[in-house]
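Single-letter residue listing:
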Amino acid sequence: MANILLVEDEVNIASFIERGLQEFHHQVQVAYDGAAGWEILQKENVDLLILDVIMPKINGLQLCRQYRQLYGFGSPVIMLTALGTTDDIVHGLEAGADDYMVKPFSFRELEARMQVLLRRSRMELTLPDLQCGDLVLEPQNHRAVRGGKVMDLTVREYRLLEYLVVNQGRALSRQDLLKHVWDKEADRNTNVVDVYVNYVRSKIDKEFDWKLIRTVAGIGYMIEA
């Protein structure tokens, strides 16, 4: 059971999701615009947020950014969107979301993705720091530090870097990264992996002589000290 905040301005969709979540014994609070959702977040702790993107007053991207800036990364965020292009998805992930779902969607899939994120969130509370050379990851607060400098990473960038570090010294395919970082079993659009690897490289390798992330020809990527 989890305490969930649902922010969705379409009443029928909000009602559908709320009933489904309650059937799985979750506690659900519903707000119908971003400003109302923000008021709830300032008063109560939640285990997971489900945010529509296009909403009045404060849209989902703005609300996600505000939440991350003030409260950090302890609770996962799922974005709901009718906009399914790669750029739209990237904007959502860069705002601090952990996952996204394109409308219309299956409630069973939503519940499954929620459980993955909730398990991951609970595990991170007890995980030790990870290290690769002079790079240190702190799973409890989603922070990466290299050479004493804190790196400003989005949620997805941190997930990607974390998976690389956990598997350091091993060549990982793009499909492997999609499966474990984006929770996708198969997707022809592996370009998103290349895009995010470049984002991460620009932040953790660019200013350092020793580059940690390597491209493995014909396979994918590897990190090693």
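Let us look at the structure shown here.

### Structural notes on the packing of helix α6 (residues 155-166) against helix α7 (residues 174-181)
The geometry of α6 relative to α7 is characterised by a closest axis approach of 10 Å and an angle of 120 degrees between their N-to-C directions. As judged from the angle between their axes, α6 and α7 are oblique. Remark: the crossing between α6 and α7 carries right-handed chirality. Residue-level inspection shows Arg-156, Arg-159, Leu-160, Tyr-163 and Leu-164 of α6 in contact with α7, the latter providing Asp-176, Leu-177, His-180 and Val-181. Residue composition of the contact of α6 with α7, grouped by class: 5 nonpolar, 1 polar and 3 charged.

### Describing the environment of Trp-38
Topologically, Trp-38 is positioned in helix α2 (residues 34-43). Separated by 38 residues in the primary sequence, Trp-38 and Pro-76 have C-alpha atoms spaced 16 Å apart. With near-sequence residues (within four places) excluded, Trp-38 lies in contact with Ile-58, Leu-63, Gln-66, Tyr-67, Leu-70 and Tyr-71.

### Looking at the layout of surface pockets
Of the voids in this model, the second largest pocket is the one considered here, and its volume is about 260 Å³. Lining the second largest pocket are 17 residues, and of these Arg-68, Phe-73, Asp-152, Leu-153 and Thr-154 sit closest to its centre. Sorting the residues of the lining of the second largest pocket by element identifies α3 (60-71), β8 (143-146) and β9 (149-151) as the ones contributing at least two each. Residue contributions to the lining of the second largest pocket peak at 3 residues, all from α3. Partitioning the lining of the second largest pocket into residue classes produces 7 nonpolar, 4 polar and 6 charged.

### Topic: unusual backbone geometry
Excluding glycine, a negative phi dihedral is what most residues carry, and trans is how most peptide bonds are arranged. For the bond running from Lys-103 to Pro-104, omega is -10 degrees, close enough to zero to count as cis. In this model, His-25 sits at a positive phi of 70 degrees, which is unusual for a non-glycine residue. Following the sequence through the fold, His-25 ends up in the loop between α1 (11-23) and β2 (27-31). A relative accessible area of 58% means that His-25 is categorised as exposed. A positive phi angle is found at Lys-57, which is not glycine, with a value near 75 degrees. Mapped onto the elements, Lys-57 comes out in the loop between β3 (48-52) and α3. Taking relative accessible area as the criterion, Lys-57 reaches 70% and is therefore assigned exposed.

### Side note on the nonpolar core
With 52 residues, the main nonpolar core has Met-79, Leu-135, Leu-161, Leu-177, Ile-204 and Ile-223 as its most contacted residues. Those residues in contact with Leu-177, other than ones at most four positions away along the chain, are Leu-160, Tyr-163, Leu-164, Leu-172, Trp-182, Val-193 and Tyr-221. Judged by nonpolar contacts, the second largest core, of 18 residues, contains Ala-14, Leu-21, Val-28 and Met-101.

Cut-offs used in this document
Residues numbered from 1 in each chain as written. Predicted model: local features only at pLDDT ≥ 70, side-chain atom pairs only at ≥ 80, totals over all residues. Heavy atoms only, no water. Axes fitted to C-alpha atoms, helices over the stretch in contact; angles between N-to-C directions. Helix = DSSP H or I, 4+ residues; strand = E, 2+ residues; numbered from the N terminus. Parallel < 35°, antiparallel > 145°, perpendicular 65-115°, else oblique. Left-handed = near helix turned anticlockwise from the far one by under 90°. Contact = heavy atoms within 4.5 Å. Nonpolar A, V, L, I, M, F, W, Y, C, P; charged D, E, K, R; others polar. 1 Å grid on protein atoms, 1.4 Å probe; cavity = no way out; pocket = protein on both sides within 12 Å on 5 of 7 lines; lining within 4 Å. Points joined across faces, edges and corners; volume = space filled by probe spheres on them. Buried < 20%, exposed > 50% of the residue type's maximum accessible area, 1.4 Å probe, protein only. Core = buried A, V, L, I, M, F, W, Y, C linked by side-chain atoms within 4.5 Å.

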